[in-house]
Amino acid sequence: MKRRMALAALLVALSITGVHAEVTAITGARVHTVGPAGTIENGTVVFEDGRIVAVGAGVQVPQGARRIDGSGKIITPGFFTPMGQIGLVEVSAVEGTVDYVQRGDRFSASFDVASAYNPRSTLVPTNRIEGITQALIAPEPDGADELGNESKVFSGLASVVNLGDGGDFLIQRGVAVVVNLGETGSEVAAGSRAAAFMVLRTALDDARDYARNIPAFEQGNSRDYSLSQADLETLRPVLGGTRSLLVRVNRANDILAVARLASDYDIRLIVLGGAEAWMVADELAQAQVAVVLDALGNLPRDFDHLNSRLDAASILSDAGVRFAIGAHGAAQNHNARNIAQSAGIAVANGLAWEDALAAITLAPALIYGVEDRVGSLEPGKRADLVVWQEDPLELTSYPEQVYIGGEAIEMESRQTLLRDRYLQREGQKPPAFH
Amino acid sequence: MKKTTLTVMACAVLFGCNGTDEKEEEAPAPFASRYAPLPSGPTLLQDATILTGTGARIDEADVLIREGQIAAVGEDVDAGDSQVFDASGMWITPGIIDVHSHLGVYPSPSVLAHADGNEISSPNTAEVWAEHSVWPQDPGFVTALAGGITSLQILPGSANLFGGRSVTLKNVPGRTVQSMKFPGAPYGLKMACGENPKRVYGERAQAPSTRMGNVAGYRKAWIAAADYLEKMESGENGEGEKPLRDLQLETLAGVLKGEILVHNHCYRADEMAVMIDIAREFDYEITAFHHAVEAYKVPDLLAANDICAAVWADWWGFKMEAFDGVRENAALVHDAGACAIVHSDDDYGIQRLNQEAAKVVGAAARAGIDIPPEQAIRWITSNPAKALGIAEDVGTLEAGKMADIAVWDGNPFSVYSQVIRVYIDGALVFERGNPEVNPMTDFTLGTTAMTGGAE
């Protein structure tokens, strides 16, 4: 009996400790909130149950909170990589690990990669220990398979995930439908960018007609549509403005053409790539078209990139265009961690530092409509944040600790394990034994 | 009188002869370098932080350029009659050297008509020369220049066991590849291990289709090359008939004679060890393993055999043999006393090799290995110069060397720093924001809205 009471008391004590341990306060740091509070010197961030509860200079640390001294440190929101396939690929050249390409006619707009997302992928720890806490995961086109099945103008649905360990990795499913125009569109639409454009317009007309005539469709009395019912259903919220169209397009006149189309159909448009977006920056700002920019693509790698340049981010910023900075080319997956480098290079080419940080945190959150949960350090948002010792955009800087959903993640990846194994060269036995 | 003047002028314009000496200069050997330094005057770069490339750092010091060469490096150098450039607050390094580039052979725009880097018709194409594919109008040369690149090796691709000869260029705009060739630089031979050759030929149900098939392919070729070399040398000594000249065997024999340097694409540590044994079997040297993603697993082996590891800062996972990439790779090689090189293999990466090196420095610091800037700079200057066989001419800031120099507006290992000026053989070839100075390729002219200069 006595023993049982003691046990009960212990359990009570443990549970109390447990409750309190869920409150964490990091104090005395320079906090870049990327929110309305701006940058706070000697600031405190308090989070509880995975959410931020307070951020500020004069914030009282709740009693019993776990207190972490952040003096001399820098805190930023976790970075958000605005385009890629983390968790949808392990080794790019090993086809069985690549889950973001869809070919053939069965699905197009509705192809939903989120069901393939693997939170245990080696790409997840490798990127998150460098400060990436959010990622857009999106389908992409690729060449035809052995049977001749080809990718299409519509690649499918993109989602936003967090890179935490929990099962609740989805921040928001199906935020955008990915579309390929320009040279890529031409490749997947019978050899002309005009054809790709017509495929898009026809699909939107079909989706609109379908939405107005669902009972007729169910009874088999509707006209023929270019897409399956699943695809038409996917496009309905696009027409309603609650799901974006993420359009891969780089040449200036193509960007303007799709911006006009978006205006015709009242669609939320995001330009992906945007090599020549700077040339039509004023029009994009006016039409509230956002850009997910490849800020490093300064070579004429094809005829859609003739005018790409390194100061594009700064020009878009001056014009008031909302933009996020994405990784360059193949770096968007295994090396999504390099978006901080891209942001730093944009600063070297004229972008304000604060705007560069926003371009890899709050801007993608706003662009994909998840800013109520992530992107900045504000009460109510997820506690996805990074503690740095130095300027987070610098090449020699690295996170001291990353928090995802309030959890201090293990600062370890397969790469750090390999490194540590080969750092110790002592011993009689091969590295496999240590 | 009039006629005489015209004759002299024609002589000067057409043949480059001077005054009364009417004798034409001997024409250079076919395919030899026709590089001539651009005009330059004496220049003093004053009061900068200097990373010499030898492992030294000198603060508030000067570099004197005279007659295309480095005349002096140090504190309080006398300007004499030279033009003084105030470089206070700036950093000066040797011109950056990329040991692995495909500029010109895979130029921009990267259309099929421009894909001239991989002769994918046989696993052994030692007979092809990259210089015969180089398109001097590749806009990538100019953007690389804006990143401080003054010399670079252009390699054939890695589809084949023997990809062909490489060429080392000075990064000066030229109408012809001959006018870009680094004078006196040895040729390289591109070899490739691993996945690429066995995939390309395996898919055609042709050898090699396995790694052991790769190795058999190298060994057979070296046996033939050794035989060719022996017969050729006997023939030259009047013992027997000289064999018919064979371009493929000629290149391989050049390696056996030590005249052509082996640049071996090889990702995996275990394959590097096999390649080292093949080199021992046929008595040749491997100069560098390129894309040596697993070099950190065998730095002792590389040090013992004096082989450089040319690596990316952080590329990994794009194929199986790149799955074990770590960011500390170059640093672990360096720390073990072997020769580390950071290379690009990429027309974007080549624009900021300094940043790639910086990422390695950052990762190394996290692993407890401190590498100061004066050491890290060697990965992109003196070490690649050594691997290209041009270390006597470039790669460090030392008196008597070619004045190939990059001037930065800050520490080159900061993401915010940019190249302000580039000199090649003492000539100013790039100045940030100055279209008067900066080159522009023919392709760029009239296709872009830019008004000139490297963007």
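Worth saying up front: this structure is predicted, and the values here are computed from it rather than measured. (Residues numbered from 1 in each chain as written. Chains lettered and ligands numbered in written order. Predicted model: local features only at pLDDT ≥ 70, side-chain atom pairs only at ≥ 80, totals over all residues.)

A. Highlighting the overall build of chain B. Counting secondary structure elements, chain B contains 11 helices and 16 strands. The C-alpha atoms of chain B give 23 Å as radius of gyration, which agrees with the globular expectation for 455 residues (23 Å, within 12%). Referenced to the eigenvectors of the C-alpha coordinate spread, the extents of chain B come out at roughly 70 × 65 × 45 Å. Here chain B holds 455 residues, and the buried ones make up 55% of them. Residue pairs in contact within chain B that sit at least 24 positions apart in sequence constitute 69% of those at least 6 positions apart. (Helix = DSSP H or I, 4+ residues; strand = E, 2+ residues; numbered from the N terminus. Rg over C-alpha atoms; globule rule 2.2 N^0.38 Å. Buried ≥ 20, exposed ≤ 12 C-beta atoms within 10 Å, placed from the backbone. Contact = placed C-beta atoms within 7 Å.)

B. Just the overall build of chain A, in detail. Each helix and strand in chain A was counted, giving 13 helices and 16 strands. In summary, chain A has a C-alpha radius of gyration of 24 Å against a globular reference of 22 Å for 434 residues, a match within 12%. Along the first, second and third principal axes, the C-alpha set of chain A runs to 80 × 55 × 55 Å. Counting the 434 residues in chain A, one finds 53% classified as buried. Long-range contacts, defined here as pairs at least 24 residues apart, represent 68% of the contacts in chain A between residues at least 6 apart.

C. Focus on the sheet that holds strand β10 (residues 261-265) of chain B. Residue and element names in this part refer to chain B. Strand order in the open sheet made by the eight strands is β6-β7-β8-β9-β10-β11-β12-β13, with mixed pairing throughout. The outermost strands of the open sheet, each flanked by one partner alone, are β6 (96-101) and β13 (340-342). Taken pair by pair, the neighbouring strands of this sheet meet at an average axis angle of 25°, ignoring direction. One ladder, built from four bridges, connects β10 with strand β11 (residues 286-290); its direction is parallel. Across the sheet, His263 pairs through a bridge with Ala288, a residue of β11. (Pairing = 2+ DSSP bridges. Axes fitted to C-alpha atoms, helices over the stretch in contact; angles between N-to-C directions.)

D. A look at the sheet that holds strand β6 (residues 79-81) of chain A. Residue and element names in this part refer to chain A. Read across the sheet, eight strands follow the order β6-β7-β8-β9-β10-β11-β12-β13 without closing on themselves; strand pairing throughout is mixed. In the strand order of this sheet, the two ends are held by β6 and β13 (323-326), each with one partner. Within the sheet, the average angular offset between the axes of one strand and its neighbour, ignoring direction, is 25°. The pairing of strand β12 (residues 290-294) with β13 spans four bridges and is parallel. Each residue of the ladder has a partner; that of Val291, found in β13, is Phe323. Strands β12 and β13 of the sheet are contacted by helix α9 (residues 312-319), whose axis makes an angle of about 165° with β12.

E. Structural detail: the packing of helix α4 (residues 211-236) of chain B against helix α5 (residues 247-256) of chain B. Residues and elements named next belong to chain B. At a closest axis distance of 8 Å, the pairing of α4 and α5 adopts a crossing angle of 85°. Between α4 and α5, the interaxial angle falls into the category roughly perpendicular. Facing Ala221, Trp222, Ala224, Ala225, Ala226, Tyr228, Leu229 and Met232 of α4, the residues of α5 in contact are Leu249, Leu252, Ala253 and Leu256. The class makeup of the residues in the contact of α4 with α5 is 12 nonpolar, no polar and no charged. (Parallel < 35°, antiparallel > 145°, perpendicular 65-115°, else oblique. Nonpolar A, V, L, I, M, F, W, Y, C, P; charged D, E, K, R; others polar.)

F. Examining helix α6 (residues 269-282) of chain B more closely. Residue and element names in this part refer to chain B. Under the 1.5 Å per step criterion, the end-to-end length of α6 is 20 Å for 14 residues, consistent within 8% with the ideal 20 Å. Listing the buried residues of α6 in full gives Ala269, Glu271, Met272, Met275 and Ile276. One side of α6 holds all its buried residues, which, seen down the axis, span an arc of 155°. Facing away from the buried side of α6 by over 90 degrees, the exposed positions are Asp277, Arg280 and Glu281. The secondary structure elements touched by the buried residues of α6 are α4, β10, β11 and α7 (299-304). In the stretch just after α6, Asp283 is the one whose phi turns positive, near 60°. (Expected span 1.5 Å × (residues − 1). Arc of directions from axis to C-beta.)

G. Summary view of the interface of chain B and chain A. Across the contact, 39 residues belong to chain B and 36 residues belong to chain A. Every element with two or more residues in the side of chain B that touches chain A is listed here: α2 (139-145) and α9 (353-366) of chain B. If you tally residues by element for the side of chain B that touches chain A, the top one is α9(B), at seven residues. Within the side of chain B that touches chain A, the residues separate by chemical class into 18 nonpolar, 11 polar and 10 charged.

H. Geometry of the environment of A:Ser397. Note on placement: A:Ser397 falls in the loop between β14 (385-388) and β15 (399-404). Sequence separation of A:Ser397 and A:Ala203 is 194 residues, and the distance between their C-alpha atoms is 47 Å. In contact with A:Ser397, other than residues within four places in its own chain, are A:Trp388, A:Glu390, A:Asp391, A:Pro392 and B:Gly362.

I. Quick look at the environment of A:Leu163. All names here are of chain A. With respect to the helices and strands, the residue Leu163 is situated in the loop between β8 (154-162) and β9 (170-180). With 237 residues separating them in the primary sequence, Leu163 and Glu400 have C-alpha atoms 17 Å apart. Beyond its immediate chain neighbours, meaning those up to four positions away, Leu163 contacts Val124, Asn127, Arg128, Ile132, Thr133, Ala135 and Ile404.

J. Here's a closer look at the pairing of strand β7 (residues 132-137) of chain A. Residues and elements named next belong to chain A. Counting buried residues in β7 gives six out of six residues, a clear majority hidden from the surface. Both β6 and β7 contribute to a ladder of three bridges, which runs parallel. Counterpart to Thr81 in the pairing with β7 is Ala135. Traced from β6 through helix α2 (residues 123-128) to β7, the parallel crossover comes out right-handed. (Right-handed = clockwise from strand over helix to strand, strands pointing away.)

K. Region of the structure containing unusual backbone geometry. The peptide bond linking B:Ser108 to B:Pro109 adopts the cis configuration, its omega dihedral lying at -10°. Examined against the element boundaries, B:Pro109 turns out to sit in the loop between β6 and α2. A cis geometry characterises the amide bond from B:Ala207 onward to B:Pro208, with omega recorded as 0°. Looking at the secondary structure, you find B:Pro208 in the loop between α3 (195-202) and α4. Positive phi outside glycine occurs at A:Val34, with the angle close to 60°. Here B:Asp283, not a glycine, exhibits a phi torsion of approximately 60°, which is positive.

L. Summary view of the pairing of strand β2 (residues 39-48) of chain A. Residues and elements named next belong to chain A. Pairing of strand β1 (residues 23-32) with β2, which is carried by seven bridges, proceeds in the antiparallel orientation. Bridged to Thr24 within β2 is Phe47. Between β1 and β2, which follow one another and run antiparallel, lie six residues, and Val34 among them has a positive phi close to 60°. Strand direction decides the pairing type here: β2 and strand β3 (residues 51-56), joined by five bridges, are antiparallel. Note that in β3 the partner of Phe47 across the bridge is Ile52. Where β2 folds back on β3, the antiparallel hairpin that results is connected by two residues, among which Asp49 adopts a positive phi of roughly 50°.

M. Molecular detail of the confidence of the model for chain A. Residues and elements named next belong to chain A. Of the residues in chain A, 95% have a pLDDT of 70 or more, and the chain-wide mean is 93. Counting contacts from residues 1-5, a segment whose pLDDT is below 50, to residues more than four positions away or on other chains yields zero contacts. Across residues 10-20, where pLDDT falls below 50, the model places two contacts with residues more than four positions away in sequence or in other chains. (pLDDT = per-residue confidence, 0-100.)

N. Fine view of the packing of helix α4 (residues 193-212) of chain A against helix α6 (residues 229-239) of chain A. Residue and element names in this part refer to chain A. As a packed pair, α4 and α6 sit with axes 9 Å apart at the nearest point and diverge in direction by 90°. Put simply, α4 runs roughly perpendicular to α6. Together, Ala203, Leu204, Asp206, Ala207, Arg208, Tyr210 and Ala211 of α4 and Leu232, Leu235, Arg236 and Leu239 of α6 make up the contact between the two elements. For the contact of α4 with α6, the class distribution of residues is eight nonpolar, no polar and three charged.

O. Expanded view of the confidence of the model for chain B. Residues and elements named next belong to chain B. Chain-level statistics for chain B give a pLDDT mean of 94 and a share of 93% at 70 or above. The element-level mean pLDDT for chain B is lowest in helix α1 (residues 2-15), coming to 39, with strand β5 (residues 91-94) highest at 99. Between residues 1-22, whose pLDDT stays under 50, and residues either more than four places distant or in other chains, the model counts nine contacts. Contacts of residues 451-455 to residues separated by more than four positions or lying in other chains number 18 contacts, the stretch itself having pLDDT below 50. For this predicted complex, the interface score ipTM comes out at 0.93, while the overall pTM is 0.94.

P. Geometry of the environment of A:Val124. Residue and element names in this part refer to chain A. Along the polypeptide, Val124 turns up in helix α2. For the pair Val124 and His334, spaced 210 residues apart in sequence, the C-alpha separation works out to 8.8 Å. Setting aside anything within four residues of it in sequence, one finds Val124 in contact with Ile86, Gly87, Pro119 and Leu163.

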